[in-house]
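Take a look at the letters that make up each chain.
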Amino acid sequence: MPLAAAGPVLAMALLAAGAVDARSPGSDATGGMTLFADNCFSPFLTAAKAKRAFNLANLRHDFYDLDPFSDVAPSPATSDVTPGTDRRCEVAFDGDYGARAAERAVTALAQEGILTEAALPETHEGAAMDGTILLAARQLNPKRIAVVHVGTRPGPDGIETFMTVERLRPQQ
C-alpha cells in the first residue's frame, strides 16, 4: 500500500485505539460519583434499575432493598446485610477520590433535601475505618434514617473509593 493511501487507514486505527483508551481512573471516578448521587438516594431504585444504571466499566456496585417503598418486589441481598438495615446502595471504583466523593455525597444529600442530622446508630458506630472521609446519619422521615459512608479502602486492583448509603429500619 502506498504511504499516501496508508495515511487515512493509520489515522482511523489511531482514533480507534484512542477510543479504547479514553476511559481513565478520573473519568471512572466522576462517572461513579454521578451515578451514586443520581440514583442511590431514590427510594424507587430497584435491583433491576441499579443493574442498568451502574453498568459502567470499572464500577462495582452493591444493592439490596428488603422493604421497598413502592409496590415492587424486594431486591434480595447478594452480600452481607448490615444489621438493622433494609436497604443498601454502594458504588466503588479504583483510585483515591475519597474527598471528592464525600463532597459529592454531601451535595447530593442537600439536593435531595436530606438535611436533618441524626445520631449515628449503634450498628454503625464502629464502621469508621482508615480511609473514612464521611460517616454521617440523616433523618429520612420520623421512622427511618440513612447512614452515608464514603472513603477509601483496599480494593481488587489497589486502593478504591467507595460511596455507600444504608437505610435503617424503624426501631422496634
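In the block above lies the structure referred to throughout.
Let us look at the structure shown here.

1. Remarks on the overall build of the chain
- Within the chain, the secondary structure is distributed over four helices and six strands.
- Counting the 172 residues in the chain, one finds 38% classified as buried.
- Contacts in the chain between residues at least 24 apart in sequence constitute 58% of all its contacts with a sequence separation of at least 6.
- When the accessible surface of the chain is summed, it comes to about 9500 Å², and 58% of that surface belongs to carbon and sulfur atoms.

2. Let's talk about the side chain of Arg87
- By the secondary structure assignment, Arg87 is in strand β2 (residues 85-94).
- Look at Arg87 and you get buried, because its relative accessible area is 5%.
- In terms of polar contacts, Arg87 uses its side chain to reach the backbone carbonyl oxygen of Ser42, at 2.6 Å.
- Residues contacting Arg87, with those up to four places away along its chain left out, are Cys40, Ser42, Pro43, Leu45, Phe63, Tyr64, Asp65, Val165, Glu166 and Arg167.

3. A look at the side chain of Thr46
- Relative to the helices and strands, Thr46 resides in the loop between α2 (25-39) and α3 (47-53).
- Residue contacts for Thr46: discarding those within four places in its chain leaves Phe63, Val72 and Ser75.

4. What to know about the environment of Val148
- Residue position: Val148 is located in strand β5 (residues 144-155).
- Classification of Val148 by relative accessible area gives buried; the value is 1%.
- With 42 residues separating them along the chain, Val148 and Val106 place their C-alpha atoms 9.0 Å apart.
- Excluding residues that lie within four positions of it along the chain, Val148 makes contacts with Phe41, Ala105, Leu109, Leu134, Leu135, Ala136, Thr164 and Val165.

5. Some remarks on the pairing of strand β1 (residues 59-65)
- With five of its seven residues buried, β1 lies for the most part within the structure.
- Pairing analysis gives seven bridges linking β1 to β2, with the strands arranged antiparallel. Bridge assignment links Tyr64 to a residue of β2, and that residue is Arg88.

6. Some points on the environment of Leu35
- Within the fold, Leu35 resides in helix α2.
- Each C-alpha atom, one on Leu35 and one on Val91, is 8.4 Å from the other, the two residues being 56 residues apart in sequence.
- With residues near it in sequence (within four places) discarded, Leu35 still touches Cys40, Ala53, Phe54, Leu56 and Leu59.

7. So, the nonpolar core
- With 29 residues, the main nonpolar core has Phe54 and Met163 as its most contacted residues.
- Of all the secondary-structure elements, those providing two or more residues to this core are α2, β1, β2, α4 (98-111), β4 (132-141), β5 and β6 (158-168).
- Ignoring sequence-local partners within four residues, the contact set of Phe54 consists of Leu35, Phe36, Asn39, Cys40, Leu45, Leu59, His61, Cys89 and Val91.

The rules behind these values
- Position labels on residues start from 1 in each chain and follow its written sequence.
- This being a predicted model, a pLDDT of at least 70 is required before a residue's local features are given, and a value of 80 or more before pairs of side-chain atoms are given or counted; all residues contribute to the totals for chains, interfaces and linings.
- Based on all heavy atoms of the structure, the side-chain values leave hydrogens and waters out of the count.
- Counting from the N terminus, the helices are the DSSP runs of H or I reaching at least four residues and the strands are the DSSP runs of E reaching at least two.
- Accessibility here uses a 1.4 Å probe with only protein chains present; expressed as a share of the type maximum, an area under 20% marks a residue as buried, one over 50% as exposed, and anything in between as partly exposed.
- The criterion used for residue contact is that any of the two residues' heavy atoms lie within 4.5 Å.
- Computed with a 1.4 Å probe, the accessible areas rest on the Shrake-Rupley method; for each residue, only the protein chains presented here act as cover.
- As used in this structure description, the phrase polar contact means that two N or O atoms lie within 3.5 Å; if the pair is within protein, one of them must be able to donate a hydrogen and the other to accept it, and residues adjacent in sequence are counted only when both atoms belong to side chains.
- Paired strands are those between which DSSP finds at least two bridges.
- Throughout this description, the term nonpolar core refers to a set of buried Ala, Val, Leu, Ile, Met, Phe, Trp, Tyr and Cys residues connected via side-chain atoms within 4.5 Å.

Keep in mind that these numbers describe shape and distance, not what the molecule does.
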